[in-house]
Amino acid sequence: MNQPHPSTEALPGLESLAAAPPSSPAPAGAGRPRVQPVDRSQLTWQMLDVERLIEPEHPARAIWELVGRLKLDGFYAPIEAVEGVAGRTPWDPRLLVSLWIYAYSRGISSAREIARRCTYEPAFQWLCGLGEINHHTLSDFRVDHDASLRELFVQVLGVLSAEGWVSLERVMHDGTRIKACAGADSFRREGRLQEHLEAARQQVEAMGDPRQEEPSRKGAAQERALRERKQRLEQALEEVQKVREAKREDKEQARASESDPQARIMKQSDGGYAPSYNVQLSTDAAHKIIVGTGVTQSGSDYGQLIGAVARVEANLGRKPCQVVVDGGFTTRENIMSMAEQRIDLVGSLAEVNQRIAGQKGKRGVSEAFYTDKFNYDEKEDVYLCPAGTVMKHHGRDFRLGVIFHQYRAPTGQCRACAFQSQCCPGNVHHGRSVIRAERAPALQQFAQRMQTEEGKAIYRQRGAVAEFPNAWIKEKLGLRQFRLRGLAKVLLEVLWAAMTYNIQQWIRLSWRPGLGAANN
Ligand code: SF4
């Protein structure tokens, strides 16, 4: 029955408006329009065919099928419940792995959100057979199986390799910064960390012995949070020491985050700075499969290539034939190491060139007196300056893979030279010098190859391949900021995301609905 709204009862003249259906003009001479009423007071039963909750080609089926083909022994091993014996029955690891991979593929990395979706979203309902999974079970599972998760990542690679999607003929390697679960304002210097730690210790002591009395659920959560905060502050103090040792300068400025002590402030692609981790991904160029992952606290990529190649070899049992990197990786150490391992390295020769180029731009030197305007006489092993002065060999500096030869003009001649103010305005006690780099054969070959059209063409492909998984993981999987804290857990998050990415590529390249029914 329609009852007049209380507010319209009090307004004379509005009763007829309140009774009429909205936006339904009554034709002249006809009765009121008849429409289907909405009845929300009913109780009803519905038939639900769980198998038909999702279509045959739904990716959740592909994930379930592939996970069913993998060995999950490491995940099953800790389960104490056995058939025929009473006790709580845990969820099947195959289901928990599938749920996490499907969730990541949808850009969901929150255990609470997965638990919620298991109650209403068809694909999640299909995966867990309408069961309801506690979010604690999900979040514990994500971080409790470190070794098994690594093994699982390798197994997925094994499937892709066996099906011919991984060749290791050419691997593109790159690093990308992903924000940590910490704010820039959570960084503190040692003194402030000590103060906060002392306060946290006093609060923990004031709580008393947790074994003496049974706290409420809320009280237990508060106690746990306080103890975790104390642990993080202790770790932050350790990290401050590491930062201090690594920086070597301005030691008083060393800081660490109270939220994620192992995070480091790193430069972002937009030019800003934020607490982050540097994620390293090696991608097989043939079908853009991630063949190796790593995470480092260093914002620089220089020291990451040798470890990355070792990880690819550990994952697939062989080294890449060729590795393509940007200038952030082409140190002499990396070039020499790749040559020793008989890996063809393609990239730009940034570091050596930098030192040579560095002489060009010395402050106050006119362009007419840049190093490239000095002529080297190979036969006499001398340089001739633009004024014709002979510059003799003055000394050498040995660095890994390179000998830096220095040539110097006589001090007197430079002092008397009309061009001194343009050529070496800062030199008071000695004449102008130039440096010639004599590279080791491996470095020479690398530099020569990068001068060829073939080398340049390969290098041009780098961005499209290496940055593809980076962009996918950030944009499609939503991993722009870690949800977990600490280097070890952040690496697990990267492994979940990289494995999800690879499985999505497997679905695109290989999976045909229905063919894997035998594995279900
Ligand atoms: S300043 Fe010395 S090195 Fe430079 S042009 Fe003159 S003589 Fe040559």
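Residues numbered from 1 in each chain as written. Predicted model: local features only at pLDDT ≥ 70, side-chain atom pairs only at ≥ 80, totals over all residues. Heavy atoms only, no water.

*Asks:* Honestly, the sheet that holds strand E12 (residues 402-408) in this entry has me stumped. Any pointers?
*Replies:* The strands making up a sheet associate through hydrogen bonds between their backbones, and the pairing can be parallel or antiparallel. Taken in spatial order, the 5 strands of this open sheet run E9-E10-E11-E12-E13, and their pairing is antiparallel. Here the strands that pair on one side only, and so sit at the sheet edges, are strand E9 (375-377) and strand E13 (433-439). On average, each strand axis in the sheet is inclined to that of its neighbour by 35°, with strand direction left out of account. As paired strands, E9 and strand E10 (residues 382-384) are joined by 3 bridges and run antiparallel to one another. Bridge assignment links Tyr376 to a residue of E10, and that residue is Tyr383. (Pairing = 2+ DSSP bridges. Helix = DSSP H or I, 4+ residues; strand = E, 2+ residues; numbered from the N terminus. Axes fitted to C-alpha atoms, helices over the stretch in contact; angles between N-to-C directions.)

*Asks:* Mind showing me how you'd approach unusual backbone geometry here?
*Replies:* Peptide bonds are, in most cases, trans, and in most cases residues other than glycine have a negative phi. Of note in the backbone geometry, Lys288 takes a positive phi value of approximately 55° without being a glycine. When you line up the elements, Lys288 lands in the loop between strand E5 (273-284) and strand E6 (289-296). By relative accessible area, which is 27% here, Lys288 ends up partly exposed. Despite not being glycine, Arg342 shows a phi value in the positive range, around 60°. Within the element layout of this structure, Arg342 appears in the loop between helix H13 (332-340) and strand E8 (344-346). (Buried < 20%, exposed > 50% of the residue type's maximum accessible area, 1.4 Å probe, protein only.)

*Asks:* What exactly am I supposed to notice about helix H19 (residues 487-509) here?
*Replies:* Turn by turn, an α-helix covers 3.6 residues, leaving residues three or four places apart pointing in a common direction. Given a rise of 1.5 Å per residue, 23 residues ought to cover 33 Å, and the 33 Å separating the end C-alpha atoms of H19 matches this to within 8%. Among the 23 residues of H19, 19 are classified as buried, and the element is accordingly described as predominantly covered. (Expected span 1.5 Å × (residues − 1).)

*Asks:* Looking at this model, I keep getting lost on the packing of H13 against helix H17 (residues 441-449). Mind explaining?
*Replies:* Between two packed helices, what matters for the description is the angle formed by their axes and the separation of those axes. With their axes 9 Å apart at the nearest point, H13 and H17 run at an angle of 95° to one another. In terms of orientation, H13 lies roughly perpendicular with respect to H17. Contact residues: Arg332, Ile335, Met336 and Ala339 in H13; Ala442, Leu443 and Phe446 in H17. The class makeup of the residues in the contact of H13 with H17 is 6 nonpolar, no polar and 1 charged. (Parallel < 35°, antiparallel > 145°, perpendicular 65-115°, else oblique. Contact = heavy atoms within 4.5 Å. Nonpolar A, V, L, I, M, F, W, Y, C, P; charged D, E, K, R; others polar.)

*Asks:* Even after reading the chapter, I still don't get the site of the ligand, so can you show me in this structure?
*Replies:* Within the structure, the ligand sits among Phe369, Cys385, Ala387, Thr389, Cys414, Cys417, Gln420, Cys423, Cys424 and Arg432. Here the residues of the shell around the ligand sort into 7 nonpolar, 2 polar and 1 charged. (Near = heavy atom within 4 Å.)

*Asks:* I keep staring at the packing of aromatic side chains and nothing clicks. Help me out?
*Replies:* For any pair of aromatic rings, the description consists of the separation of the ring centres together with the inter-plane angle of the planes. What the rule picks out here adds up to 12 aromatic pairs. Residues Trp100 and Tyr104 carry aromatic rings whose centres are separated by 5.7 Å and whose planes lie at 35° to one another, so their mutual orientation is tilted. In this pair, Trp100 and Tyr104 both sit in helix H5 (residues 93-105), 4 residues apart, roughly one turn of the helix. A residue is classified by how much of its surface remains accessible, and Tyr104, at 1% relative accessible area, is buried. Relative to Trp496, the ring of Trp100 lies with its centre 6.4 Å away and its plane at 40°, an arrangement referred to as tilted. With a gap of 396 residues between them, Trp100 in helix H5 and Trp496 in helix H19 connect regions that are remote in the sequence. By the burial criterion, Trp100 is buried, and Trp496 matches it. (Phe/Tyr/Trp six-rings, centres within 6.5 Å; stacked < 30°, edge-to-face > 60°.)

*Asks:* Which parts of the structure should I look at to understand the confidence of the model for the protein?
*Replies:* As a note on interpretation, predicted positions should not be read in detail where pLDDT is low. A residue-level look at the protein finds 87% of positions with pLDDT of 70 or above and a mean pLDDT of 86. Across residues 1-20 the pLDDT falls below 50, and counting only partners more than four positions away or on other chains, this stretch makes 5 contacts in the model. (pLDDT = per-residue confidence, 0-100.)

*Asks:* What's the story with the pattern of salt bridges in this structure? I'm lost.
*Replies:* A side chain with one charge can pair with a side chain of the opposite charge if their charged atoms come near. Per the stated rule, a full pass over the model turns up 22 salt bridges. Asp146 serves as the salt-bridge partner of Arg150, at 2.7 Å between the closest nitrogen and oxygen. Remark: Asp146 and Arg150 occur in helix H9 (residues 146-162); sequence separation between them is 4 residues, near one turn of the helix. Asp174 serves as the salt-bridge partner of Arg462, at 3.6 Å between the closest nitrogen and oxygen. On the criterion of sequence distance, the pair formed by Arg462 in helix H18 (residues 453-475) and Asp174 in strand E1 (residues 171-179) is long-range, its members being 288 residues apart. Take Arg462 and Asp174: they sit in the same class, and that class is buried. The structure contains a network of salt bridges with shared partners spanning Arg106, Glu113, Arg116, Arg117 and Glu121. (Salt bridge = Lys/Arg side-chain N within 4 Å of Asp/Glu carboxyl O.)

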